[in-house]
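# Residue-level structure breakdown
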Amino acid sequence: MSDTDTAKTGDDLAAIRSEFIEKVGLIAQSKGLPRIAGRVFALLVFDGETVSFADLATRLGVSRGSVSSATRLLEDRGMIKRVGKPGQRQDFFRLADDPYESMLAAEAASLERARAEIGATLEQLPDGCAGIWQRVEGYARFYERMVEALGGAEPSDHSSRRQQG
């Protein structure tokens, strides 16, 4: 491979990396997280190395305050780990040992909370609301199936309280 081929491959990889970081930022934002949190996570996934706090801000072109908030959030969710390096005063960050398991657990818990809230509505419906009950129960089943698909909690049995029409 020639030097120009290597340079082109490096340029291609840099473009792919940049696009990946932005995509994951948008995915995070669509899930209600700050875009910068997704971008920090994506950088750590793609680069696969331990990165200093200052380098995160520089590489992503964002403020240190944004990085601070994002790393705290990601650390609280078990997705990244804060580490120290001998002789260094600043913090460094790397991927947690199994960030994807933490992400699945959080997603399953969120889906279960939604299912429980919808289930609570079913319990409040008075008799004689069969049409409403069927539609809401179908919505609860959707969340139940999502939780099951992620290997989460056992499904509840709303069918024991079928509404009379």
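Anything mentioned here points back to the structure above.
Here we summarise the structure given alongside this text.

What follows covers the packing of aromatic side chains. Across all of its chains, the model carries four aromatic pairs by this definition. Relative to F46, the ring of F20 lies with its centre 5.7 Å away and its plane at 40 degrees, an arrangement referred to as tilted. Here F20, found in helix α1 (residues 3-30), pairs with F46, found in helix α2 (residues 35-47); they are 26 residues apart in sequence, far enough to count as distant. Seen from their ring centres, F142 and Y143 are 5.0 Å apart, and the 80 degrees between their planes marks the pair as edge-to-face. Using a relative accessible area of 42% as the deciding quantity, one classes F142 as partly exposed.

For the rest of this paragraph, the subject is the sheet that holds strand β2 (residues 80-83). The strand order β1-β3-β2 describes an open sheet built from three strands, whose pairing is antiparallel. For this open sheet the edge positions go to β1 (51-52) and β2, each flanked by a neighbour on one side alone. Across two bridges, β1 lies against strand β3 (residues 92-95) in antiparallel orientation. Of the residues in β3, the one forming a bridge with S52 is F92. Across the sheet, α2 touches β1, β2 and β3, and the angle it forms with β3 is around 70 degrees.

Here the focus is the pairing of β3. Note: β2 against β3, four bridges, orientation antiparallel. Of the residues in β3, the one forming a bridge with I80 is L95.

The subject of this paragraph is the nonpolar core. In terms of nonpolar packing, the biggest core is built from 20 residues, with V40, L43, L44, L56 and L74 touching the most fellow members. Every element with two or more residues in this core is listed here: α1, α2, α3 (53-60) and α4 (64-76). Here the element with the most residues in this core is α2; it accounts for seven residues. Excluding anything up to four places from it in sequence, L74 contacts A37, V40, F41, M79 and I80. Formed by nine residues, the second largest nonpolar core is a distinct cluster that contains I118, L125, V136 and V147.

Another aspect to go through is the packing of α2 against α4. Their axes nearest at 9 Å, the elements α2 and α4 cross at an angle of 75 degrees. Accordingly, the angle class assigned to the pair α2 and α4 is roughly perpendicular. Two secondary-structure elements touch here, α2 through I36, A37, V40 and F41 and α4 through S66, A70, T71, L73 and L74. Here the contact of α2 with α4 is composed, by residue class, of seven nonpolar, two polar and no charged.

Rules used throughout
The numbers attached to residues start from 1 for each chain and follow its sequence in the written order. Where totals are concerned, whole chains, interfaces and linings use all residues; where local detail is concerned, this predicted model gives features only for residues with pLDDT of at least 70, and gives and counts side-chain atom pairs only at 80 or more. Side-chain figures throughout are based on the complete set of non-hydrogen atoms in the structure, without hydrogens or water. Any Phe, Tyr or Trp ring, taking Trp's six-membered ring, that has another such ring centre within 6.5 Å forms a pair; planes under 30 degrees apart are called stacked, those over 60 apart edge-to-face, and the others tilted. Helix numbering and strand numbering both begin at the N terminus, where a helix is a DSSP run of H or I of at least 4 residues and a strand a DSSP run of E of at least 2. Here the term buried applies to any residue with accessible area under 20% of the maximum for its type, exposed to any over 50%, and partly exposed to those in between, with areas from a 1.4 Å probe on protein chains only. A pair of strands is considered paired only if DSSP assigns at least 2 bridges between the two. Working rule for contacts: check all heavy atoms of both residues, and any pair within 4.5 Å makes them a contact. Lines fitted to the C-alpha atoms define the axes, with helices restricted to the stretch that makes contact. Angles between their N-to-C directions range from 0 to 180 degrees. Remark: nonpolar core denotes a set of buried residues (Ala, Val, Leu, Ile, Met, Phe, Trp, Tyr, Cys) joined through side-chain atoms within 4.5 Å. Every angle not falling under 35 degrees, over 145, or within 65 to 115 is termed oblique; those three ranges are roughly parallel, roughly antiparallel and roughly perpendicular. Note on residue categories: nonpolar means Ala, Val, Leu, Ile, Met, Phe, Trp, Tyr, Cys or Pro, charged means Asp, Glu, Lys or Arg, and polar means any other residue, Gly included.

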